[in-house]
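Chain and residue survey
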Amino acid sequence: MILMDGKAAAAGIRQELATLVRMEVARGMRAPGLAVVLVGDDPASQIYVRNKQKACAEAGIHSEAHILPRGTGQKELLHLLDTLNARTDIDGILVQLPLPVGLDAAVCTGAIAPDKDVDGFHPVNMGKLALGLPCLKPCTPAGVLRLLSIYGFNPAGKKAVVVGRSNIVGMPLALLLAQKQFNATVTICHSGTADLKRECLAADYLFLAMGRPRAIGADMIHEGCIVVDIGINRTPGGLCGDADFEAMSRKAAAMTPVPGGAGPMTIAMLLENTVFSWRQRLGLVS
């Protein structure tokens, strides 16, 4: 069984981005700028923000954390986003999710300028993704597909099953897999799927994004299946994915670990989107 190491793959991507940024800055260009907006004091979100800031520093990206207290109103948050949209030294903006109760995540992500939407969640970018047009792509779907490519796996002509239909992972991942670049035959499974086991057993590539610890066992895949576990669940025994990793690893051809699989690739794609937005803004790419 091949273990697809997202941490190592992401490190290589971050190094390539750092080299590119360093070259452009040496030519007199300003550094890329990323603004992260965090509302409240959720411990997991704070960890994610620190990890993103550390990765930015390593890649030569200027990062700002705008931390707002719990109880911040929608109007105040939207005003901050308007200010960041107008700044010429900020190329990417993301709002750390989940937001506290009382704030509308869809309204907030929709208030970010589409060309600064480095999370790829804006309706304009999602619409372009659905149409197969160039856009800033959601980081986790883009990251896991890049990881497959790095390890030489090609889903073209294969049966890909995506378990989970969130707008952040499942739906955009299915859209990407169905495009000509990847050419997979895609099935999306969700809480209304009548026979999840049957659907999973048919998969050549199985993508798990349910958020249910160890919900998919070895009896739900065929020999040689490639399993991409995107779920991350906090349990008393530590972090785990949606797959029963130990049992499934004896049957799968390749798997991603949790942690260390999709997570590092998500951050790498966030940096890549930021650098792309920066280069586009400076006229370095069309």
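Refer to the preceding data block for the structure.
Parameters and conventions
- Residues numbered from 1 in each chain as written.
- Predicted model: local features only at pLDDT ≥ 70, side-chain atom pairs only at ≥ 80, totals over all residues.
- Heavy atoms only, no water.
- Helix = DSSP H or I, 4+ residues; strand = E, 2+ residues; numbered from the N terminus.
- Rg over C-alpha atoms; globule rule 2.2 N^0.38 Å.
- Areas by Shrake-Rupley, 256 points an atom, 1.4 Å probe, with all protein chains shown as cover.
- Lys, Arg positive; Asp, Glu negative; His and termini not counted.
- Charge placed at Lys NZ, Arg CZ, Asp CG, Glu CD.
- Buried < 20%, exposed > 50% of the residue type's maximum accessible area, 1.4 Å probe, protein only.
- Salt bridge = Lys/Arg side-chain N within 4 Å of Asp/Glu carboxyl O.
- Expected span 1.5 Å × (residues − 1).
- Arc of directions from axis to C-beta.
- Contact = heavy atoms within 4.5 Å.
- Core = buried A, V, L, I, M, F, W, Y, C linked by side-chain atoms within 4.5 Å.

1. Examining the overall build of the chain
Broken down by element type, the chain carries 10 helices and 11 strands. Computed over the C-alpha atoms, the radius of gyration of the chain is 19 Å, within 12% of the 19 Å expected from 2.2 N^0.38 for a compact globule of 286 residues. Carbon and sulfur atoms provide 55% of the accessible area of the chain, an area that totals close to 13000 Å². The positive charge centre, built from 28 side chains, and the negative charge centre, built from 25, are 2 Å apart in the chain.

2. Thoughts on the side chain of K52
Turning to its location among the elements, K52 is positioned in helix α2 (residues 43-59). Despite being buried, K52 has no salt bridge partner; D119 is the closest side chain of opposite charge, sitting 5.4 Å away.

3. Looking at α2
Over its 17 residues, α2 extends 25 Å from the first C-alpha to the last, a length consistent with the 24 Å expected when each residue adds 1.5 Å. Within α2 the residues assigned to the buried category are S45, V49, K52, A55, C56 and A59. In a view along the axis of α2, the buried residues occupy a sector of 125°, so they form one face of it. For α2, the exposed residues set more than 90 degrees away from the buried face come down to P43, R50, K54 and A57. As for α2, its buried residues are in contact with α1 (6-26), β2 (33-39), β3 (62-68), β4 (92-95) and α10 (262-281). Two residues or fewer after α2 comes G60, characterised by a positive phi angle close to 80°.

4. Some remarks on the nonpolar core
In globular proteins that are soluble, nonpolar side chains generally tend to be buried together. Counting residues in each nonpolar core, the largest one holds 50 residues, and the members touching the most others are L148 and F207. Per-element accounting of this core gives the leading share, nine residues, to α10. Setting aside residues up to four positions removed in sequence, L148 forms contacts with M4, F153, Y205, F207, I226 and V228. Ranked by size, the runner-up nonpolar core spans 16 residues in total, among them C200, C225, A252 and M255.

Coordinates in, geometry out; function isn't part of it.
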